[in-house]
Each structure stands twice: as C-alpha cells, then as structure tokens.
Amino acid sequence: MLTLIRFELLKTYRKLRTYIGFGLIAVLVPLAYWGMSLGGDDLAKGMMRGMQKDFLLVGSLFNGWFVSFMIMNTLFVQVPFLIVLTAGDVFAGEATGGTFRILLTRPPSRSRIFAVKAISTILYTLSLVLFLGALSIGLGVLIFGTGDLISFTDAGIAIFGASDVPWRFLLAYLGAAWAMCVVASLAMLFSSFVENAIGPIIGSMAVVILFLILGNLPFDFFIAMRPYLFTTYMDLWRKMFADPVDWTVVAQEAAYLGIFFTLFTGGAWAVFTRKDVLS
Amino acid sequence: MYKQCMGWIFAGVLLTLAAVQAQPGPTAGQVLKRVQGEFEKVRDYSADISTVVDVPGIKTPPMTAKIFFKKPDKVHIESSGFAMLPRDAVTYNPMAFNEDLFDAVLQGEETVNGVKCLKVKLLAKSDTVRLQRAMLCVDPARWLVLKMTTDPAQGGSADVIFTYAYIDNAYFLPSKISLQMINPTGFRESKGHGMKMDAPVAGDKRKASVSLVYSNHRVNKGIPDSIFKKDSKTK
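**Let's talk about the overall build of chain B**
Link 1 in the chain: For chain B, the helix and strand inventory stands at three helices and 15 strands.
Link 2 in the chain: Burial analysis of chain B (235 residues in total) assigns 43% to the buried set.
Link 3 in the chain: For chain B, contacts bridging at least 24 residues in sequence account for 53% of all contacts bridging at least 6.

**Section: the pattern of salt bridges**
Link 1 in the chain: Counted according to the given criterion, the structure contains 14 salt bridges over all chains.
Link 2 in the chain: Counted as one network, the salt bridges with shared partners bring together D235, K239 and E253 of chain A.

**Looking at the state of the cysteines**
The term disulfide refers to a covalent linkage connecting the sulfur atoms of a pair of cysteines.
All names here are of chain B.
Link 1 in the chain: This structure, assessed with the given rule, holds zero disulfides over all chains.
Link 2 in the chain: In this structure C137 is not part of a disulfide, and its nearest cysteine sulfur, from C117, lies 5.6 Å away.
Link 3 in the chain: Classification of C137 as buried rests on a relative accessible area of 1%.

**Some remarks on helix 4 (residues 78-87) of chain A**
All names here are of chain A.
Link 1 in the chain: Across the 10 residues of helix 4, eight count as buried, placing the element largely inside the fold.
Link 2 in the chain: When helix 4 is considered as a whole, its buried residues turn out to be V79, P80, L82, I83, V84, L85, T86 and A87.
Link 3 in the chain: On the buried face of helix 4, the contacting elements are helix 1 (2-14), helix 2 (18-47), helix 7 (110-144), helix 8 (166-193) and helix 9 (198-216).

**Structural notes on the packing of helix 2 of chain A against helix 4 of chain A**
Residue and element names in this part refer to chain A.
Link 1 in the chain: Contact geometry for helix 2 and helix 4: axes closest at 7 Å, N-to-C directions at 160 degrees. By the criterion of interaxial angle, the relationship of helix 2 to helix 4 is roughly antiparallel. In this structure, helix 2 contributes T18, I20, G21, L24 and I25 to the contact, and helix 4 contributes L82, L85 and T86.
Link 2 in the chain: Its residues assigned to classes, the contact of helix 2 with helix 4 comprises five nonpolar, three polar and no charged.

**With respect to the packing of aromatic side chains**
Link 1 in the chain: Counted by the stated rule, this structure contains 29 aromatic pairs over all chains.
Link 2 in the chain: Taking the centre distance of 5.0 Å and the plane angle of 35 degrees together, the rings of Y233 of chain A and Y256 of chain A count as tilted. Residue Y233 of chain A is found in the loop between helix 10 (220-225) and helix 11 (247-274), and its partner Y256 of chain A is found in helix 11; the two are separated by 23 residues along the sequence.
Link 3 in the chain: Its relative accessible area of 37% is what places Y256 of chain A among the partly exposed residues.
Link 4 in the chain: Summarising the aromatic geometry, the rings of Y166 of chain B and F172 of chain B are spaced 4.4 Å apart at their centres and angled 35 degrees between planes, so their arrangement reads as tilted.
Link 5 in the chain: Classification of Y166 of chain B as partly exposed rests on a relative accessible area of 45%.
Link 6 in the chain: Connected via pairs of aromatic rings, a cluster forms that spans F211, F230, Y233, Y256, F260 and F264 of chain A.

**Side note on the packing of helix 3 (residues 64-74) of chain A against helix 8 of chain A**
Residue and element names in this part refer to chain A.
Link 1 in the chain: Running from N to C, helix 3 and helix 8 cross one another at 15 degrees; their axes reach a closest spacing of 12 Å. Between helix 3 and helix 8, the angle is such that the two are roughly parallel. When the axes of helix 3 and helix 8 are compared, the crossing they make is left-handed. Residue-level inspection shows W65, S68, F69 and M72 of helix 3 in contact with helix 8, the latter providing P166, F169, A172, Y173 and A176.
Link 2 in the chain: Broken down by class, the residue content of the contact of helix 3 with helix 8 amounts to eight nonpolar, one polar and no charged.

**Remarks on the confidence of the model for chain B**
Caution applies to low-pLDDT regions: their predicted coordinates should not be interpreted in detail.
Residues and elements named next belong to chain B.
Link 1 in the chain: Residue-level pLDDT values for chain B average 78, and 75% of them are 70 or greater.
Link 2 in the chain: Predicted confidence is poor over residues 188-204, with pLDDT under 50, and the contacts of this stretch with residues over four places away or in other chains come to 37 contacts.
Link 3 in the chain: Interface confidence for the predicted complex, expressed as ipTM, amounts to 0.71; the pTM equals 0.77.

**A word on unusual backbone geometry**
Link 1 in the chain: The omega torsion across D243 of chain A and P244 of chain A is 0 degrees, close enough to zero to call that bond cis.
Link 2 in the chain: Mapped onto the elements of the fold, P244 of chain A is located in the loop between helix 10 and helix 11.
Link 3 in the chain: A cis amide bond links K71 of chain B to the next residue, P72 of chain B, at an omega of 0 degrees.
Link 4 in the chain: Among the secondary structure elements, P72 of chain B is positioned in the loop between strand 3 (63-70) and strand 4 (74-78).
Link 5 in the chain: The phi dihedral of N169 of chain B is positive, around 55 degrees, even though this residue is not glycine.

**Remarks on the nonpolar core**
Link 1 in the chain: With 150 residues, the main nonpolar core has M48, F169 and F230 of chain A together with M84 of chain B as its most contacted residues.
Link 2 in the chain: It is helix 8 of chain A that provides the largest number of residues to this core, a total of 15 residues.

Thresholds applied
Residues numbered from 1 in each chain as written. Chains lettered and ligands numbered in written order. Predicted model: local features only at pLDDT ≥ 70, side-chain atom pairs only at ≥ 80, totals over all residues. Heavy atoms only, no water. Helix = DSSP H or I, 4+ residues; strand = E, 2+ residues; numbered from the N terminus. Buried < 20%, exposed > 50% of the residue type's maximum accessible area, 1.4 Å probe, protein only. Contact = heavy atoms within 4.5 Å. Salt bridge = Lys/Arg side-chain N within 4 Å of Asp/Glu carboxyl O. Disulfide = S-S within 2.5 Å. Axes fitted to C-alpha atoms, helices over the stretch in contact; angles between N-to-C directions. Parallel < 35°, antiparallel > 145°, perpendicular 65-115°, else oblique. Nonpolar A, V, L, I, M, F, W, Y, C, P; charged D, E, K, R; others polar. Phe/Tyr/Trp six-rings, centres within 6.5 Å; stacked < 30°, edge-to-face > 60°. Left-handed = near helix turned anticlockwise from the far one by under 90°. pLDDT = per-residue confidence, 0-100. Core = buried A, V, L, I, M, F, W, Y, C linked by side-chain atoms within 4.5 Å.

Quick look at the structure:
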C-alpha cells in the first residue's frame, strides 16, 4: 500500500499542474506582504478607529500575526480553487491520459487504487495548506515580528496577547486543512464521473462559489439551507480566533465536515468501483 | 460675678458662631487652585500601568504600559505590546482645569468612598476644548479629585474614581483609576454580519469599565525631553 501511495505521490508531484497552487501562493503571499508593508499599519489602526474617541491606543497591532491572519481571510475563497486543480484531475486525468485501463488491469483492487488516490490527494491538500501556513506565518513573523493580534468575530473585536496566538494559528490551519479536504473530496467525486479534468475543476469551484453565495443570502429560505451546505463550516478555522473558543461548536463543525467528507469520498468510491472504464 | 462670667462666655460663644457663619466657603476657583497646588509639586513622574478593559463587544487581555509625565503637559505612554487606555483618565492632569478654558461653579457636596467632597462643575468656555463638561468631587482635606464625571465633545461620558498613593511621603499621585463609561465608541454587536462601528444607538446604554493600576512611581527624578519625542503615544 505504501509503495502504491509513493508511486501515486510521484505521479502527482511530477505534474506541472500540481505546482500551480504552490507557485501562486509563493508569489501571492510575498506580494501581499509587500503591499501590507506600505499601508498595513493604517489598516490595523483603521480597525480601531472607532475606539480612538475614548481610548488612547498605544503600540501597534500591525505585526506578523496580523498579516498572516489577513492572508488567511483573503485566501479563504481562493485556496479551494488551487486544491481542485489537482484533486479534480485525480481520476479524470487517468482517463484523459488513457492510462485507466492499464492501471485497473494491475493486481491491486479498484478499492485499493481508489484509497491510494484519495490518500495522495489528501496529502497534496495538506501539503498545500501547510505550505501556505508556513510561508505566511514564517514570512510574516520574519518581516513584521510578533505581537498582539486583533481579530473580528461575530461577537465583536478580540485582541489576543502575543503568547495566546501561536496555538490559535496551529489549530486554525488544522481546521482549514480539514475544510480543504472536504473540497478535495468533492473534486474527487466529480472527477470520478468524467474523463476530462476541466469539468471537475470548474464544477467543484462552481459548487463552492454557489454554496458560499447561497449561504450568505440573508433570506429565510437560504438561512434554513445553511446547515446543509458544507461551505457553512469551511470557516472552521475562524472559530479559533474567538475568545473564548467555543469548543462545542468547533467539534460540531469538524464533525459536519467529516460527514460531508465521508459522503463525497464514499460517493467517489461508489462511482469509481462501479465505473465502466472504456478509455 | 458668676452671672457676669456666664454672660461673657455666652457672648463669646455667640460671637464665635457668628464668625464661623460669616466665614465664606472656598470658591470653585479656590478649590481648583488648591487641587492644582497639590499637583504643582510634581515636576515629572513615570509609572507602570496595568489595565483591565471590559468594553462590550471588545475582548482584550490585561495590558501594561508605562506613562511619562513632565510639566506642563507632556505625556508619553509606551507599551511593549498593545494597550488601550481611557483618554480622559490616563492623561488626567488637574493643571488643565484652568480658568482660561473653563468656567467653574461649586455645586454642593457629595460623598465619595466615605469622604465628603466638594463638587465643582466645569464648563468649557470654547467648543474646541475636548472636555466640554466635567464634575469634580474634591476631598477638601487633601485637595485631591476623588471622582470626575466627564462629558467630552466626542466619545462616551464617564465616571472616574481616583485612588491615590502618597509617594515619597510628599506627592499624591493616582494608584488606581476605575472608570465606567456609558456606551463608549458606539460599537454594536451584529451577529452574523461582523462588527459595526456605528454611532451610539438611542437607548443603548451599555457600560464599559476600565481599571488602571499604577505602580513603580518615580517622581521628580528628571525625565529627558527626548522621551516625549519617541514614536509612540505622545501628547
């Protein structure tokens, strides 16, 4: 099994498409930091402008944690697109390349091949989120240093002491990675249906965008729909920046994401193992 | 002889009472002068401040800062992290209550923490002054402001209670300032749609409380002017 996973990972990481996500993040994050170094302090101060009538604000909230937090907020919608670029290709790519039949005539069962592809897709997803986290936090702290972090939550503004921040980022990235795994599983599901990767990539992203829009429409019908949309729980990472962290909600949302992950992956497995492969 | 003596004593008591009755109380201006006189002895001071802020819609950890003050009105506050300090309380300086800026009126007495205080109402003479109205409760024994009710032109009104430390057996400086603000900043919680920094809503009378504890006072030890030019919160 490990050998199969290694081969699958080799295949994945040999494709140029795999590095689009890494490349984009490698360009985007330093670029965003350069921009923030020019005007980010004003942004941090602007968040507290309403307070300045009553309070003297001493010190700065503009630091590495702040810019990393901004990056997480900004890339929240974009990262799923980078995930589906590879996840959408996982089965469809074999069909496009004409290697499906050869692959399936090998001794490993379809379920085992599916498991290997699913694991390598998840590993790719985790590596991309890890890369984003390491680059944004590492570069942010290196350039802007550390300090207190200001965060906006549904309940208001929360300011965390510098020592209270690292564990929040760690858990936030774990939460973000878990949510991205769900996006990857959706792309795998779509990929298992078709023979061209473009469809799953665009389809997955379209679903993510559609669900995000539906989930934000302030009408009763759409509000009632929110619990059934996986995108509702994709901001699980944001819950780590509440004070105090509502662990019950975190556990519930992580569990809901788990249900969606199981549904999408199970669906992909059902389609893949029953698929009549003609290419 | 006995009757004559009693008559003199009675007359003496009456005269004393009459004299006491005739003795006018201090005017508002005199009260302020005495308060300022007490602070006049302080040429400069520095102190560490630890603050706990409880503002609706804002969660903050306990914060620390260091304040530097130098006559006449130089204030510099610095913090290794981030600190939010109530504007009118932390920069409290009784020398600012001068007759050029404020009309002062005595308005009876009020007991603050068991001390009977004189109430002095201040009204800004110009609308460019930040503090438009204030009520000071002054301890007439030590000539210290124990309570200040502020009504600034911008921002929420506040009740400020001062507790003093007697530093170096010579100077009274705040050791604790407790502050209650009514509807500061106009922050409103808006579930599901983030934070709104709107104007205060009518009837929205939520209170915020802030506590400042001062320690490590160093008075009249000399503070270089360069401190007040540092890039931090300098007034």
